[in-house]
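Structural features, examined
Single-letter residue listing:
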Amino acid sequence: MKPNPCIENISPGYLFPEIAKRRTAYQQAHPDVRVISLGVGNTTEPIFPAAAAGLASEAKALSTPDGYSGYQDEGREDLRQRISEVFYGGKFHIDEVFISDGAKCDVGRLQLLFGRGVPVAVQDPAYPVYVDGSVLIGAAGAMDGTGYAGITYLPCTPDNAFFPDLSLVQPGSLLYICSPNNPTGYVMTRAQLAELVAFANKSGSVILFDAAYSEFIRDADLPKTIFEVDGAETCAIEINSFSKPAGFTGVRLGWTVVPFGLAYEGGGSINKAWSRVMATIFNGASNIAQAGGLAALSEAGLKEIRALTDYYLENARRIRETLGARGIATVGGDNSPYIWAQFPGRTSWDVFDELLNTYHIVTTPGSGFGPAGESFVRFSAFGHHKDVEEACARLVG
Ligand SMILES: *Cc1c(COP(=O)(O)O)cnc(C)c1O
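Residues numbered from 1 in each chain as written. Predicted model: local features only at pLDDT ≥ 70, side-chain atom pairs only at ≥ 80, totals over all residues. Heavy atoms only, no water.

Take the sheet that holds strand 2 (residues 97-100) next. Ordered by their spatial adjacency, seven strands build an open sheet running 2-8-7-6-5-3-4, and the pairing between neighbours is mixed. Unpaired on one side and paired on the other, strand 2 and strand 4 (151-155) mark the two borders of the sheet. Adjacent strand axes in the sheet meet at a mean angle of 20 degrees, parallel and antiparallel pairs treated alike. Here helix 7 (residues 190-203) sits on the sheet in contact with strand 5 (174-178) and strand 6 (206-210), set at roughly 150 degrees to strand 6. Helix 9 (residues 270-281) rests against strand 2, strand 6, strand 7 (236-241) and strand 8 (254-257) of the sheet, and its axis sits at about 25 degrees to strand 2. (Pairing = 2+ DSSP bridges. Helix = DSSP H or I, 4+ residues; strand = E, 2+ residues; numbered from the N terminus. Axes fitted to C-alpha atoms, helices over the stretch in contact; angles between N-to-C directions. Contact = heavy atoms within 4.5 Å.)

Put into structure tokens, the structure is as follows:
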């Protein structure tokens, strides 16, 4: 049996194991020091009561004749309807909303809509699954020394106000955009999204818009979905998730909007194709998770989402202000749970080591998210208040 060559092409997943290795080595050499992690993208706070009650009552109902349910391939209709209402002003039909077991899983599956022949463009730095998912399906081509032949990296740095140079994108590309961004924390403006949408419609490209952090947006002028922009329904797919706003990282629930208006070059419906892909390789999200999701979108649940995202945003504010007071340039952390800190002239790993050795704080080296992340580190606001407080006190001290 030979391996799928695409698997051998995936980046070795070196980032988080290397962080863990350096942290462990430090801890072994300094057993009395309490290391605090501001490095991970995992949530830390418990699920709030209304959402948890939705999960619990569904689990219980499954043991009763009336409450039992089996496969629910396409997702509960009431959940799809509620998602359309809460996030999109009700403008999407339930058949345009697909329930999933999470945004990352959908990112991995979505590439199947376009196959390996499609050119791919990603923001750089980016959430790793955009590149690795493309590599896995074979769309990335082989490594040619500078990168994957089929993938165009679009640097997003302070030099271009974190907006990609769209002239680099080939026509007919699959264009991955994440806003609020992981790892930079940058949120695209409405004008920037409008520029992306105009470009995609003109060049026959499709935008895969990852809005997993939309509920962290507090600035009323910033768009929470790409579908706030006219024309997005003919060029964009939006992916979102209950993971970060409702603490469902382990529960597993997300959704994807594939508008009826989105078509392949010859006019074929991408919505129908997605329905076919999902029916073929996915058997629906957990009914327990879906009941939890519906509860999370009740009036009480929405207040909880607000409270939970406020909690992490308070951490983000503390980190941002602490770094700012030390004269370190940052973006993000105001409408997103990530703070992207720049250390000109230094490597990301060098800064990582200094933060670990001097302040006993774990961060994530920006270079792990793509070449344009070099000289940055990512601070994550996912943590308990008291840990973030202590980390900030160390950084001041
Ligand atoms: C955490 C995260 C997600 C959420 O993924 P799930 O599979 O729904 O848990 C999606 N996109 C980005 C950029 C993320 O950081």
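The biggest cluster of nonpolar side chains holds 56 residues, and the ones touching the most others in it are I83, L175, L196, I207, I226, F242 and W255. Here this core takes five residues from helix 7, the largest share from any one element. Inspection of this core shows a minimum of three residues originating in each of domain 1 (5-47 + 301-396) and domain 2 (51-297). Filtering out sequence-adjacent residues up to four positions away, I83 remains in contact with Y88, V97, I99, F242, W255 and L297. Core analysis: the second largest hydrophobic core is formed by 34 residues, L110, A126, Y148 and A273 among them. (Core = buried A, V, L, I, M, F, W, Y, C linked by side-chain atoms within 4.5 Å. Buried < 20%, exposed > 50% of the residue type's maximum accessible area, 1.4 Å probe, protein only. Domains from an automatic or database assignment.)

By the bridge criterion, four bridges tie strand 9 (residues 329-332) to strand 10 (residues 338-342) in an arrangement that is antiparallel. When the sheet's bridge partners are listed, V331 is paired in strand 10 with W340. Between strand 9 and strand 10, which pair antiparallel one after the other, the connecting turn spans five residues, and G333 there sits at a positive phi close to 80 degrees.

What follows is about the domain arrangement of the chain. One can read the domain layout of the chain as domain 1 (5-47 + 301-396) and domain 2 (51-297). The straight-line distance from the C-alpha centre of domain 1 to that of domain 2 is 25 Å. With 36 residues of domain 1 at the contact, the number on the domain 2 side is 46 residues. Here domain 1 and domain 2 share an interface that buries about 3200 Å² over both sides, 64% of which is from carbon and sulfur atoms. Among the residues domain 1 hides against domain 2, the three largest losses belong to I47, I305 and N335. Together they make up 21% of the total. Along the contact surface separating domain 1 from domain 2 lie one salt bridge. Here R218 makes a salt bridge to D310, at a shortest N to O gap of 3.1 Å. At the surface where domain 1 touches domain 2, the tally comes to 14 residue pairs in polar contact (both at pLDDT 80 or more). Secondary-structure elements contributing two or more residues to the side of domain 1 that touches domain 2 are helix 1 (5-9), helix 11 (299-325), strand 9, strand 10 and strand 13 (376-380). Broken down by element, the residue count for the side of domain 1 that touches domain 2 peaks at ten residues, all from helix 11. (Buried area = accessible area lost by both parts, 1.4 Å probe. Salt bridge = Lys/Arg side-chain N within 4 Å of Asp/Glu carboxyl O. Polar contact = N/O pair within 3.5 Å; in protein donor to acceptor, adjacent residues only side chain to side chain.)

In terms of burial, strand 7 is a largely internal element, six of the six residues being buried. Both faces of strand 7 are covered, namely the face carrying A236, E238 and N240 and the face carrying I237, I239 and S241. Sheet topology note: the strand 6/strand 7 ladder contains four bridges and is parallel. Looking across to strand 7, one finds that F209 is bridged to E238. Alignment of strand 7 against strand 8, held across four bridges, turns out to be antiparallel. Residue pairing in the sheet places N240 in a bridge with W255 of strand 8.

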